[in-house]
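# Architecture at a glance
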Amino acid sequence: MLINKGMLVLGSILLIVCWSSCRSDFDFEPSQGELRFSKDTVYLDTLFSNIGSSTYTLKVFNTSDKNLSIPSIALSLSDSKYRLNIDGMSGNSFENVELLAKDSMYVFIETTLDIKDFTTTQTQFLYTDKLVFNHMGATQSVDLVTLVHDAVFLYPKKYNDGTYEFLELGTDDDGNPIAIEGFYLNDSELVFTNNKPYVIYGYAAVPSNKTVVFEAGARVHFHENSGLIAANNSTVLVQGLPGSQPDDTSNKVIFEGDRLESNYEDLAGQWGTIWLTAGSTAHSFNHCIIKNATVGILSDYNDESGNPTLTLKNTEIYNSEAYGLWAKTSHIDAENCVFGNAGQSVFYGNIGGKYNFRHCTFANYWNQNFRDNPAVWLDNYLELADGSYYTAPLEQATFENCMITGSQPIEWRLDSIDTTDFQFRLSHTLLQFNDTSGVFSENSLYSIADTTKYDQITLNGIPDFKSPNNLDFRIGIESDAIGKGNTAVSNLVPLDILDTSRTASPDLGAYQHIEFDD
């Protein structure tokens, strides 16, 4: 009896298996051109020569009621520079690719291009190919398009043992050297022109007693964990010029990452920083854009000359992962500058220093993750590992005809050790400081009624920025900053950052107001 039951169960299983193997809905027919695609052309954006692209996707749909076998999927060029991955398999051609009825699949596409393979006279080249789907008696295709740019590549030496050239920055508490991957620029590399973009790997260092010049229109792209360092007694001069139209950046000097794909356009933290080390001197940035760094500019100490160690004019620092401008006991003079959106503060005046800002916009609408710190933060100390404090006086921090605002109720922070000088003054400035809970009501540093520190303040005013999340900090006709500037200050800076006159009725911040287009 048990044997009979067992035979019955076995027979049932065999019947199910046979029935399944004979089902017609798992049979595949050769495709005849009935596929549908998520796009007709895959644009792999713009790349620098020899830098790999991101991975792009093409979705292929079988909209029919039949299971299809695609006889072949292949790139049309036998030596194509594109790379494919289908169903986990890499290659340039695939045969008998199966796709169930009403189902879809992904094709993943990448490329790495060397412009010298295509031209020796042009600085850019449009590379194209086709992804061809061969069917029974028909073909379908999707175009693949990539623009590749030529560039000047600067990078550290690679030694025979596989290690790279390093820059020594000092020693740690145990006397061990602190170093980062990088190299010193030689004399022939100290002038950056607008002939080709530059791509820098590692940290490019300006040697002691040398000056690096970035001419109008220069484009500098930093790879991940890369940046610029100014050594002792060296100088950085950024000599951008205004454009012919408000949106014209062709004459500006731009520092950014080396990924040109659209999904990297506003990705913070793609590269390190421009580090003006202690002892470097007389730096000047004019008509410059710095974006997507970890720290836009790190100005470390001052040159003790009595003159500004760093002068900023018409400079925009955007979308920094930590700080836009981080000054440590530095001496900075700035006018017509925009410090916009950072993961911590757009300006951090750390361990004292001396700072003068005229017609500058400090705006933090960071939305990529949680932000702890306000737009502007000043202090006069550093807490050491043993719990003690290193202090330095805040000799001066003057904000005239400025805007300090953002997405948080309080965008202004002051931390002072009472035994050390802490001198600051805001004059004719729009300030976001909405202390509804009264946390700072007993702190004299935040006494807005004290006109020796706060004069003609537009408290919690509406800035009416064009699009702060898109780094557009122009102000519109609803702004509370309109006409609030001190003319004595605006006469020192008669044109706004877009070269618009402001002397008759100066607005606060870097921009004169405009009427936005709908």
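Further up the page is the structure itself.
None of these values were measured; they are calculated from a predicted model.

### Observations concerning the pairing of strand 9 (residues 104-111)
Where burial is concerned, the two faces of strand 9 differ: the one with Met105, Val107, Ile109 and Thr111 is buried and the one with Ser104, Tyr106, Phe108 and Glu110 is not. Pairing between strand 4 (residues 56-62) and strand 9: 6 bridges, direction antiparallel. Its bridge partner being in strand 9, Leu58 is matched across the sheet by Val107. For strand 6 (residues 82-86) and strand 9, the ladder comprises 5 bridges, and the chain directions are antiparallel. Following the sheet pairing, Asn85 is matched in strand 9 by Phe108.

### What about the side chain of Asn341?
Within the secondary structure, Asn341 is located in strand 28 (residues 338-342). In this structure Asn341 comes out as buried when scored by relative accessible area, which is 5%. Only 2.8 Å separates the side chain of Asn341 from the backbone nitrogen of Tyr365, close enough to count as a polar contact. When sequence neighbours within four positions are dropped, the list of residues in contact with Asn341 reads Tyr318, Asn319, Ser320, Val346, Ala363, Asn364, Tyr365, Trp366, Pro468, Asn469, Leu471 and Phe473.

### Side note on a nonpolar patch on the surface
A contiguous nonpolar patch, built from Leu382, Leu384 and Tyr390 and spanning about 260 Å² of accessible area, is present on the exposed surface. In this structure, Leu384 sits in the loop between strand 32 (381-383) and strand 33 (389-391). Accessibility expressed as a relative area gives 36% for Leu384, which makes it partly exposed.

### Regarding the nonpolar core
Core analysis: the biggest nonpolar cluster contains 62 residues, and Phe255, Phe285, Phe357, Phe362, Phe399 and Trp412 have the highest contact counts within it. Counting residues in hydrophobic clusters, the runner-up holds 28 residues, among them Tyr82, Val97, Leu99 and Met105.

### As for the sheet that holds strand 7 (residues 89-91)
Ordered by their spatial adjacency, 5 strands build an open sheet running 2-4-9-6-7, and the pairing between neighbours is antiparallel. A single partner strand is all that each edge strand has here, and the edge strands are strand 2 (35-37) and strand 7. Direction aside, neighbouring strands of the sheet carry axes that sit 25° apart on average. As judged from the 3 bridges shared by strand 2 and strand 4, these two strands associate in the antiparallel manner. By the bridge assignment for strand 4, Phe37 is matched with Val60.

### With respect to the pattern of salt bridges
Following the criterion strictly, the structure yields 16 salt bridges and no others. Measuring nitrogen to oxygen at the nearest pair gives 3.5 Å for the salt bridge that ties Glu316 to Lys252. Placement of the pair is Glu316 in strand 26 (residues 310-320) and Lys252 in the loop between strand 21 (235-239) and strand 22 (253-257), with a sequence separation of 64 residues. Of the two residues, Glu316 and Lys252, neither departs from the other in class, the shared state being buried. Members of the salt-bridge network, linked through shared partners, are Asp333, Glu335 and Arg358.

Here is what the cut-offs are and how they apply
Within any chain, residue numbers begin from 1 and follow the written order of that chain's sequence. The model is predicted, so local features are restricted to residues of pLDDT at least 70 and side-chain atom pairs to those at 80 or more, both for listing and for counting; the totals for chains, interfaces and linings are taken over all residues. Side-chain calculation: all heavy atoms of the structure are included, whereas hydrogens and water are not. Residue burial is assigned from relative accessible area. The probe radius is 1.4 Å, only protein chains are included, and a residue is buried under 20% of its type maximum, exposed over 50%, and partly exposed in between. Note on conventions: DSSP H or I runs of at least 4 residues are helices, E runs of at least 2 residues are strands, and numbering of each starts at the N terminus. Strand pairing requires that DSSP identify at least two bridges connecting the strands. Two N or O atoms form a polar contact when they lie within 3.5 Å of each other; inside protein one atom must be a possible hydrogen donor and the other a possible acceptor, and for residues adjacent in sequence the pair counts only when both atoms belong to side chains. Contacts are assigned to residue pairs with any non-hydrogen atoms lying within 4.5 Å of each other. Note on patches: the residues involved have over 30% relative accessible area and no salt bridge, like charges join within 9 Å, and the nonpolar side chains Val, Leu, Ile, Met, Phe, Trp and Tyr join within 5 Å. Under the convention used here, a 1.4 Å probe and the Shrake-Rupley method define accessible areas, while residue burial counts only the protein chains that appear. Salt bridges, as used here, are contacts in which a Lys or Arg side-chain nitrogen is within 4 Å of a carboxyl oxygen on Asp or Glu. Buried Ala, Val, Leu, Ile, Met, Phe, Trp, Tyr and Cys residues form a nonpolar core when they are joined through side-chain atoms within 4.5 Å. Every angle, taken between N-to-C directions, lies between 0 and 180 degrees, and every axis is a line fitted to C-alpha atoms, over only the stretch in contact when it is a helix.

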